[in-house]
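Fold and contact review
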Amino acid sequence: MSAGVHVPRFARWRRHPAASLTVLVILLAGVVLGGIRVYKFFVRPELSCGKGMTATGSPLQCVGVNLESTAFTKGEPARMRKLEETVRASNDAVKGESTSVVLLLNLSPVNDVDTLTYESLYHNVEGAVTAVWRANNTAAYGSRPGVKLYLANMGSQYASWQQAVDSIQKHADAEHISAVVGLGQSTEQTRQAAAAVSSRLHIPVIGSTVTGNSMNLDPADPSGRKLIPDMFRVSPTNTDSVIAASQYVAGMRPAVTSMAVVADSVADDDYTATLAAEAKTRFQAPDRTVTVLPYTSPRSLTAGAGRQDYLVQQFDLMHANLCQAAPSVVYFAGRGRDLGAFVQNWVQGAPCGIAQLHILVGDDASEAIRDDAVLKGVASGRVTVAYTALASPDEWGTECPGSDAKRNYDQFWSAFTGRPDPCTKQPLATTEGALPPLAFDPADLASGQAMLTHDAAVAAISAARRDGAGLKNPGLETGILHQFYCAQMLPGASGWLSFGSDGNPVGKPAPIVQLNPDGTTKTVSLAWPSSAPNLSLPQKGGTGAPGC
């Protein structure tokens, strides 16, 4: 061996193998931990989810039950964050025995992919917050136990409904979850979610704006007739909506002799499917022709794929056939979010001798009341737009004191806005130690969604508070909800709440609402598709309420 070569002293390592291994492990651990710190410093996670939620999807969204009122998406709108903080403050104020209601929705909509908007989400959350505020701070719906509200996200296009239900089940006992409300749109995903909550947790699922005829039917039943045992809803069905629209058309003057039904044939959307099916038959009348013009909205899109452009192309191809039919009224049996593309194409397309087209839409048109294309179309005078709302802030009129139904609404309005009762001019009386009043904008009531989500939460809270064993066995509350009918109706913002044996509402009105160019709405008719007007609790010697 040459004199200039140095040989490491491996002998020392061999003589002390245990100590050498320990040193080696420590060195490797240092390298790994250091690498992780460096990675986290330079490559920070795109989205960090709070307790009860996990990140999924593209773009990333937090799905599951939001137990800490953290953001659902990166760059979430400030208004959404403010509502989440309101929910957190309300929950933190609840002391002692409590029950929890979960508002389950798509709380992270992707623009031009989902057919709902943040605007509608705000109204839904505000309605649920108002119900919980009234329960905890007034005598409107009892006093104990205290009520907490949790927001739960199914993600864009409701694609993560399974993760959301898993999270609800995981935290149901610890958080005393007694009901799930909301659901959102009538899609196959939301029906699967409702069925899963019922079969796995056996607690009430109360849809707020779920109108599709099949939404309360168990998707696992081959016969298609078995009901989801624990499902209820506070909104009229699509059948009732089309009946109300048909009654409205029958009263139009001059008489409507030609109609067109523009029907979306997309798969797995119970709302558009049942709405179109009902419209194709119920608008038939002597001396009236009904032309069905189908289109197919995109079933799924990635962010930035251009839903509006996709639909404009289809409606452009439909234009000539629509002109050929020459209808005086078009019934748009599609999603409200897609109405803008239809109106834009009609207004900007080639004129064909129809000076003004009257468009009638289902309840999902509430998603379009701030759609720029729709409002510009109305302002042009080329179209009018009316729709069968599920609820409307002026459906009970303005007369004071008005009906019992109006007095119920006025109490809700006062709680929602934090302002004095519009008829009595008195502020709401609150319980000792009440939280400050809410201060939501009355304009947020235009879509009716806040009213309905409030009513769904009210039904859940009322059942929980009337069930003495509910905190230990929330499944008993389904039986309580079935007792809310006839003389035991609940006072709601959208009307008296009464449930049939199938969980559907009994005796609910369907307001026909006209859309103005500035985005405001006006109730032009109040239809009662399945009953006589239901304005008060049944009185002794009276005719009774629906279902009696």
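Residues numbered from 1 in each chain as written. Predicted model: local features only at pLDDT ≥ 70, side-chain atom pairs only at ≥ 80, totals over all residues. Heavy atoms only, no water.

1. Focus on the side chain of Thr 521
Tracing the sequence through the fold places Thr 521 in strand 14 (residues 521-527). The exposure class assigned to Thr 521 is buried, which follows from its relative accessible area of 17%. (Helix = DSSP H or I, 4+ residues; strand = E, 2+ residues; numbered from the N terminus. Buried < 20%, exposed > 50% of the residue type's maximum accessible area, 1.4 Å probe, protein only.)

2. Details of the layout of surface pockets
It is a probe the size of a water molecule, rolled over the atoms, that shows where empty space is left. There is about 370 Å³ of room inside the largest pocket. Forming the walls of the largest pocket are 20 residues, and the residues nearest its centre are Gln 157, Thr 187, Gln 189, Pro 298 and Arg 299. For the lining of the largest pocket, the class distribution of residues is six nonpolar, seven polar and seven charged. (1 Å grid on protein atoms, 1.4 Å probe; cavity = no way out; pocket = protein on both sides within 12 Å on 5 of 7 lines; lining within 4 Å. Points joined across faces, edges and corners; volume = space filled by probe spheres on them. Nonpolar A, V, L, I, M, F, W, Y, C, P; charged D, E, K, R; others polar.)

3. Describing the packing of aromatic side chains
All told, the structure shown has twelve aromatic pairs when counted by the stated rule. Residues Trp 396 and Trp 528 carry aromatic rings whose centres are separated by 6.5 Å and whose planes lie at 45° to one another, so their mutual orientation is tilted. Residue Trp 396 is located in the loop between strand 12 (383-388) and helix 12 (404-417), and its partner Trp 528 is located in the segment after strand 14; the two are separated by 132 residues in the primary sequence. Exposure class is identical for Trp 396 and Trp 528. Each is buried. Considering the side-chain rings of Phe 412 and Phe 416, the 5.6 Å spacing of their centres and the 40° angle between planes classify their relative orientation as tilted. Here Phe 412 and its partner Phe 416 are both found in helix 12, four residues apart, which amounts to about one turn of the helix. Taken as a pair, Phe 412 and Phe 416 share a single burial class, namely buried. Three or more aromatic residues joined by ring pairs make a cluster, and in this case those are Tyr 295, Phe 315, Phe 332 and Phe 342. (Phe/Tyr/Trp six-rings, centres within 6.5 Å; stacked < 30°, edge-to-face > 60°.)

4. Things to note about the sheet that holds strand 11 (residues 357-361)
Two modes of strand pairing occur in sheets, parallel and antiparallel, and in both the strands are linked by backbone hydrogen bonds. With mixed pairing, the seven strands of this open sheet are ordered in space as 9-8-10-11-12-13-14. Single-partner strands in this sheet number two, and they are strand 9 (289-295) and strand 14. Each strand axis lies, on average, 25° off the axis of its neighbour in the sheet, ignoring direction. Its contacts with the sheet put helix 8 (residues 270-282) on strand 8 (258-264), strand 9 and strand 10 (329-333), and the angle it makes with strand 10 is roughly 150°. On top of the sheet, helix 9 (residues 307-325) reaches strand 8, strand 9, strand 10 and strand 11; it is set at about 160° to strand 9, its chief contact. (Pairing = 2+ DSSP bridges. Axes fitted to C-alpha atoms, helices over the stretch in contact; angles between N-to-C directions. Contact = heavy atoms within 4.5 Å.)

5. Regarding helix 8
Relative to the 18 Å expected for 13 residues at 1.5 Å per residue, helix 8 spans 18 Å between its end C-alpha atoms, a close match to the ideal helical length. On its buried face, helix 8 is in contact with helix 7 (238-250), strand 8 and strand 10. Its side-chain oxygen 3.1 Å from the backbone nitrogen of Tyr 271, Asp 269 forms the N-cap of helix 8. (Expected span 1.5 Å × (residues − 1). Polar contact = N/O pair within 3.5 Å; in protein donor to acceptor, adjacent residues only side chain to side chain.)

6. What to know about the state of the cysteines
For the structure on display, the rule yields three disulfides. Between the sulfur of Cys 49 and that of Cys 62 lies a disulfide, 2.0 Å long from S to S. Across the S-S bond of Cys 49 and Cys 62 the torsion is about -90°, and the bridge reads as left-handed. One end of the pair, Cys 49, is in the loop between helix 2 (17-42) and strand 1 (53-56); the other, Cys 62, is in strand 2 (residues 61-66), with 13 residues separating them in the sequence. Using a relative accessible area of 23% as the deciding quantity, one classes Cys 49 as partly exposed. With relative accessibility at 0%, the residue Cys 62 sits in the buried group. (Disulfide = S-S within 2.5 Å.)

7. Some words on the sheet that holds strand 1
An order of 1-2-4-3-5-6-7 is seen for the seven strands of this open sheet, with the pairing classed as mixed. Each edge of the sheet is formed by a strand with only one pairing partner; in this case those strands are strand 1 and strand 7 (231-233). Taking each pair of neighbouring strands and ignoring which way they run, the sheet shows an average axis angle of 25°. Here strand 3 (residues 98-105) runs beside strand 5 (residues 177-182); their pairing, made up of five bridges, is parallel. Among the inter-strand pairings, Leu 104 is bridged to a residue of strand 5, identified as Gly 182. Along the sheet face, helix 13 (residues 449-466) touches strand 3, strand 4 (146-153), strand 5 and strand 6 (205-207) and points at about 165° away from the line of strand 5.

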